[in-house]
Amino acid sequence: MADDTIFGKILRGEIPCDEVYSDEQCLAFRDVAPQAPVHVLVIPRKPIESLRSGAAEDAALLGHLLLVAARVAKQEGLDDFRTVINSGAGAGQTVFHLHVHVIGGRPLAWPPG
Ligand code: AMP
């Protein structure tokens, strides 16, 4: 089955999510294990495995995901926030459907772990 990830199942409505934003290109929902008071994931409806596999034809979609991330942060009342895209298991990616983490609502240290 194409995109047999947990996010594919969410996109197909096979498992629920706590949705905060949706449009024809992407879906945003709350992370099930939040790392901060606000922790939202923005995912494309197109099943791109990771940023490593994004193609030139995905340029507009990738830009859209970042604009939606900023929109969601504002919607959640955040002035300061962090966006994270983990690419590959060694970088912490556990779900192989591209997603942008939007994290905020507490002080965020740098560098990350
Ligand atoms: P990453 O480690 O960058 O691949 O991020 C995957 C994220 O997906 C983690 O922060 C998980 O907590 C989150 N996650 C996994 N399953 C679900 C789910 N069913 N609903 C919401 N978030 C999830």
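This structure is a prediction, so every number in the text was calculated from the model and none was measured. (Residues numbered from 1 in each chain as written. Predicted model: local features only at pLDDT ≥ 70, side-chain atom pairs only at ≥ 80, totals over all residues. Heavy atoms only, no water.)

Undergrad: Could you give an account of the site of the ligand, naming the residues involved and the relevant values?
TA: Neighbouring the ligand are 16 residues, the closest being Asp31, Asn86, Gly92, Thr94 and His101. Here Val32 contributes a backbone N or O atom positioned 3.1 Å from a nitrogen atom of the ligand. Note that an oxygen atom of the ligand is positioned 2.8 Å from one of the side-chain N or O atoms of Asn86. Taken together, the elements giving at least two residues each to the shell around the ligand come down to helix H1 (6–11) and strand E2 (26–30). Examining the composition of the shell around the ligand, we find that three residues originate from one element, H1, more than from any other. Within the shell around the ligand, the residues separate by chemical class into eight nonpolar, six polar and two charged. (Near = heavy atom within 4 Å. Polar contact = N/O pair within 3.5 Å; in protein donor to acceptor, adjacent residues only side chain to side chain. Helix = DSSP H or I, 4+ residues; strand = E, 2+ residues; numbered from the N terminus. Nonpolar A, V, L, I, M, F, W, Y, C, P; charged D, E, K, R; others polar.)

Undergrad: Now, about the packing of aromatic side chains: what can you tell me, with residues and values included?
TA: The description of two aromatic rings rests on the distance between their centres and on the angle between their planes. Per the stated rule, a full pass over the model turns up one aromatic pair. Here the aromatic rings of Phe7 and Phe29 are separated by 5.5 Å at their centres, their planes lie at 75°, and the arrangement is edge-to-face. Here Phe7, found in helix H1, pairs with Phe29, found in strand E2; they are 22 residues apart in sequence, far enough to count as distant. Of the two residues, Phe7 and Phe29, both sit in the buried class. (Phe/Tyr/Trp six-rings, centres within 6.5 Å; stacked < 30°, edge-to-face > 60°. Buried < 20%, exposed > 50% of the residue type's maximum accessible area, 1.4 Å probe, protein only.)

Undergrad: I'd like a description of a nonpolar patch on the surface, backed by residues and values.
TA: On the surface, Leu51, Leu66 and Ile85 cluster together into a nonpolar patch covering about 240 Å² of accessible area. As for its position among the elements, Ile85 is in the loop between strand E4 (82–84) and strand E5 (100–104). Residue Ile85 is classed as partly exposed on the basis of its relative accessible area, which comes to 31%. (Patch = residues over 30% accessible without salt bridge, like charges linked within 9 Å, V, L, I, M, F, W, Y side chains within 5 Å. Areas by Shrake-Rupley, 256 points an atom, 1.4 Å probe, with all protein chains shown as cover. Salt bridge = Lys/Arg side-chain N within 4 Å of Asp/Glu carboxyl O.)

Undergrad: Quick one: what's the story with unusual backbone geometry, residue by residue and with numbers?
TA: Trp110 connects to Pro111 through a cis peptide bond whose omega is 5°. Its place among the elements puts Pro111 in the segment after E5.

Undergrad: Let's hear about the pattern of salt bridges: which residues, and what values?
TA: This model, assessed by the stated rule, comprises seven salt bridges. The salt bridge partner of Glu76 is Arg30, with a shortest N-O separation of 3.0 Å. Of this pair, Glu76 sits in the loop between helix H2 (59–75) and E4 while Arg30 sits in strand E2; the two residues are 46 residues apart in sequence, bridging distant segments of the chain. Residue Arg30 is classed as partly exposed on the basis of its relative accessible area of 32%.

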